[in-house]
2 protein chains.
Amino acid sequence: MDSIKLERRILSRNDVLAGDLRDRFRARGVAVLNMVSSPGSGKTSLLERTLGGLSEEMRIGVIEGDIQTENDARRIARTGVPVRQIQTGGACHLEAAMIAEALKSLQWEDLDLLVIENVGNLVCPSAFDLGEGARVVLISTTEGDDKPLKYPAMFHSAHLMVVNKIDLLPYTDFSVDTAVENARSLNPDVKVLRTSCRTGEGLEVWNDWVRSFVKSRD
Amino acid sequence: MDSIKLERRILSRNDVLAGDLRDRFRARGVAVLNMVSSPGSGKTSLLERTLGGLSEEMRIGVIEGDIQTENDARRIARTGVPVRQIQTGGACHLEAAMIAEALKSLQWEDLDLLVIENVGNLVCPSAFDLGEGARVVLISTTEGDDKPLKYPAMFHSAHLMVVNKIDLLPYTDFSVDTAVENARSLNPDVKVLRTSCRTGEGLEVWNDWVRSFVKSRD
């Protein structure tokens, strides 16, 4: 089918560009995270709560991906960290070419950590490498613990799964154990953290994970 | 660009098929809902809670769309309503051709109401008409009240917005008024309901909406 052939061509072009980005990031010692999740799982909130503190220890930059609005970039800018917003204007995921374009206006070569917040979508971003060193998938406790099985490509490709909004656990049927078991059935080595941006629980462990990720690039 | 041309061709082929489905549904007096939302907003739970009761008054069938798993079809089957699962195997949305295929094994001509539960994705399903009479978008109170602005195509194309999980309102910063205002800035006529599948609040109003939607097809 035409559409499958074309999709492969687009993906393979993206892979080439992503490989090039990865080489550039490595050469300059920039650690890069690609953060993915459903809409509203709390990617921006997690960054809001932790970037301010982390930026006292390391140089951080952020690229925000959204279909529409600059809301997230405005929220991140308040932490004092430099941020660029990509508005995809309908596209359901970020692509390596969009990152390459955003880098032109960001002093990325001097960063220790570049965080890319992808479009809220548990499907399409899984197929698009952005040259990141690690992919972080958030799942919030209100989404249901079956989500890894229903969106396998995303959970299969993640290095870290952050179970967010654990403050809401008492009000849901979500089982963290089941979610972890489901994720590890697809991805046995995936690391798991539990966080709440409301109570602050787990944020220091997240910060530690980020620190050690940045350190591992050395 | 090739990809844009091809996307237009796929969309226009889908529109032709969807138009054909719509004609078939109308000719047989079948009211059709296309339910869309983020992953985990509660589409299946809403159907689980209400189909059993509604099916005592009308003939209902369900088509479930998921990337992977038959979990949702199993949940719906327990309500006693006939259900078919489409596993898209990676595709991020349902298309009219998939619905046409699923109809072959469903006695759809005898139904009063066909409910199509789309893949959990606030982006891609918005572009694919399935021949439905109304599109219902769910937004859960844990996702943030800015979601209509960030995923405008979906909220622009919806006939009804269901604000679900209102039992969790006390534990979130979500403002129903802001969500409604944001949705109506894109779609002034969108009808809004508030539901909780845990407490049952709003489910009778949802049932009434479904009844009047089914009646409107006559």
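Structure shown above.
Cut-offs applied
Residues numbered from 1 in each chain as written. Chains lettered and ligands numbered in written order. Predicted model: local features only at pLDDT ≥ 70, side-chain atom pairs only at ≥ 80, totals over all residues. Heavy atoms only, no water. Pairing = 2+ DSSP bridges. Helix = DSSP H or I, 4+ residues; strand = E, 2+ residues; numbered from the N terminus. Axes fitted to C-alpha atoms, helices over the stretch in contact; angles between N-to-C directions. Least-squares fit on C-alpha atoms with pLDDT ≥ 70 in both. Contact = heavy atoms within 4.5 Å. 1 Å grid on protein atoms, 1.4 Å probe; cavity = no way out; pocket = protein on both sides within 12 Å on 5 of 7 lines; lining within 4 Å. Points joined across faces, edges and corners; volume = space filled by probe spheres on them. Nonpolar A, V, L, I, M, F, W, Y, C, P; charged D, E, K, R; others polar. Buried < 20%, exposed > 50% of the residue type's maximum accessible area, 1.4 Å probe, protein only. Phe/Tyr/Trp six-rings, centres within 6.5 Å; stacked < 30°, edge-to-face > 60°. Salt bridge = Lys/Arg side-chain N within 4 Å of Asp/Glu carboxyl O. Polar contact = N/O pair within 3.5 Å; in protein donor to acceptor, adjacent residues only side chain to side chain. Buried area = accessible area lost by both parts, 1.4 Å probe.

> Just to check I follow, could you spell out the sheet that holds strand β5 (residues 134-140) of chain A for this structure?
Strand pairing in a sheet relies on backbone hydrogen bonds, with the paired strands running either antiparallel or parallel. All names here are of chain A. Read from one edge to the other, the open sheet built from seven strands follows the order β3-β2-β4-β1-β5-β6-β7, with strand pairing classed as parallel. Only two strands of the sheet have a single partner each, and these edge strands are β3 (83-87) and β7 (191-194). Averaged over all adjacent pairs, the angle separating strand axes in this sheet is 20°, with direction ignored. Bridge count between strand β1 (residues 31-36) and strand β4 (residues 113-117): five bridges; the pairing is parallel. Along β4, the bridge assignment pairs valine 32 with leucine 114.

> Explain the relation of the copies chain A and chain B here, please?
The relation between the two copies of this chain is a rotation about an axis and a shift parallel to it. The operation relating chain A to chain B is a screw motion whose rotation component is 180°, with 0.0 Å of axial translation and a residual RMSD of 0.0 Å. Each copy turns onto its partner about a two-fold axis. Looking at chain A, 100% of its interface residues are interface residues in chain B too, so the copies touch through the same face.

> Just checking my understanding: could you explain empty space enclosed by the protein for this structure?
Over the atoms rolls a probe the size of a water molecule, and in doing so it shows where empty space is left. Throughout the structure, instances matching the rule amount to one cavity of 30 Å³ or more. Of the pockets and cavities examined, the largest cavity occupies roughly 60 Å³. Forming the walls of the largest cavity are 16 residues, and the residues nearest its centre are Pro39, Thr142 and Glu143 of chain A together with Pro39 and Glu143 of chain B. A per-class count over the lining of the largest cavity returns two nonpolar, ten polar and four charged.

> Is there a simple way to explain the sheet that holds strand β3 (residues 83-87) of chain B in this structure?
Residues and elements named next belong to chain B. On the basis of which strands lie adjacent, the open sheet formed by seven strands has the order β3-β2-β4-β1-β5-β6-β7 and parallel pairing. Both edges of this open sheet fall to β3 and β7 (191-194), since each of them pairs with a single strand only. Adjacent strand axes in the sheet meet at a mean angle of 20°, parallel and antiparallel pairs treated alike. Taken strand by strand, helix α4 (residues 96-103) contacts β2 (60-66), β3 and β4 (113-117), and its axis lies near 140° from that of β3. Against the sheet, helix α7 (residues 176-186) makes contact with β6 (160-164) and β7, and its axis sits at roughly 155° relative to β7, the strand it touches most.

> When you look at the side chain of asparagine 207 of chain B in this model, what are you seeing that I'm missing?
Residues and elements named next belong to chain B. By the element assignment, asparagine 207 lies in helix α8 (residues 203-216). We classify asparagine 207 as buried; its relative accessible area is 8%. Beyond its immediate sequence surroundings of up to four residues, asparagine 207 is in contact with Thr50 and Leu54.

> Can you help me understand the packing of aromatic side chains in this one?
The way to describe two aromatic rings as a pair is by their centre distance and the angle between their planes. If you walk through the whole model with that rule in mind, you get seven aromatic pairs over all chains. For the ring pair phenylalanine 25 of chain B and tryptophan 108 of chain B, a centre distance of 5.6 Å and an interplane angle of 90° mean the geometry is edge-to-face. Linking phenylalanine 25 of chain B in helix α1 (residues 2-27) with tryptophan 108 of chain B in the loop between α4 and β4, this pair joins segments that are 83 residues apart in sequence. What makes phenylalanine 25 of chain B buried here is its relative accessible area of 2%. Here the aromatic rings of tryptophan 206 of chain B and tryptophan 209 of chain B are separated by 5.9 Å at their centres, their planes lie at 10°, and the arrangement is stacked. Taken as a pair, tryptophan 206 of chain B and tryptophan 209 of chain B lie in helix α8 at a separation of three residues, close to a single helical turn. An aromatic cluster of at least three residues, connected via ring pairs, comprises Trp206, Trp209 and Phe213 of chain A.

> How should I be thinking about the pattern of salt bridges in this particular structure?
Counting across every chain of the model gives 31 salt bridges over all chains. The salt bridge partner of aspartate 72 of chain A is arginine 75 of chain A, with a shortest N-O separation of 3.8 Å. One end of the pair is aspartate 72 of chain A and the other is arginine 75 of chain A, both in helix α3 (residues 71-77) and three residues apart, which spans about a single turn. Residue class for aspartate 72 of chain A comes out buried when judged on its relative accessible area of 0%. Put simply, aspartate 112 of chain B and arginine 59 of chain B hold a salt bridge, and the shortest N to O gap is 3.1 Å. Of this pair, aspartate 112 of chain B sits in the loop between α4 and β4 while arginine 59 of chain B sits in the loop between α2 (43-54) and β2, and the two are 53 residues apart along the sequence. Residue classification places aspartate 112 of chain B among the buried positions, given a relative accessible area of 12%. Residue arginine 59 of chain B is classed as partly exposed on the basis of its relative accessible area, which comes to 48%. Connected through shared salt-bridge partners, Glu48, Asp66, Asp72 and Arg75 of chain A together with Lys150 of chain B make up one network.

> It is not clear to me how the pairing of β5 of chain A should be interpreted in this structure. Could you clarify?
Regular strands show a simple pattern: their side chains alternate between the two faces of the sheet. Residue and element names in this part refer to chain A. Among the seven residues of β5, seven are classified as buried, and the element is accordingly described as predominantly covered. Examined bridge by bridge, β1 and β5 share four bridges and lie parallel to one another. Its bridge partner lying in β5, methionine 35 is registered against valine 136. Strand direction decides the pairing type here: β5 and strand β6 (residues 160-164), joined by five bridges, are parallel. Paired with valine 137 across the bridge in β6 is methionine 161.

> Where do I start with the side chain of serine 41 of chain B in this structure?
Residues and elements named next belong to chain B. Within the secondary structure layout, serine 41 lies in the loop between β1 (31-36) and α2. At 3.3 Å, the side chain of serine 41 and the backbone oxygen of serine 38 are in polar contact. Here glutamate 143 takes part through its side chain, which lies 2.5 Å from a polar atom of the side chain of serine 41. Once residues lying within four places of it in the same chain are set aside, the contact partners of serine 41 are Leu138, Ser140, Glu143, Asn164 and Lys165.

> Just to check I follow, could you spell out the interface of chain A and chain B for this structure?
Where the parts come together, the accessible area they lose is often given as the size of the interface. On the chain B side, the residues contacting the 38 residues of chain A number 38 residues. Summed over both partners, the interface of chain A with chain B comes to about 2900 Å²; 57% of that surface belongs to carbon and sulfur atoms. Three residues stand out in chain A for area buried against chain B, namely Pro39, Lys150 and Tyr171 of chain A, and they jointly supply 21% of the buried area on that side. Counting across the interface, chain A meets chain B through six salt bridges. Note that lysine 150 of chain B is salt-bridged to aspartate 72 of chain A, the shortest N-O span being 2.6 Å. The interface formed by chain A and chain B holds 13 residue pairs in polar contact (both at pLDDT 80 or more) in total. Among the elements of the structure, α1 (2-27), α3 and α5 (147-150) of chain A are those that each provide at least two residues to the side of chain A that touches chain B. Here the side of chain A that touches chain B gets six residues from one element, more than from any other, and that element is α1 of chain A.

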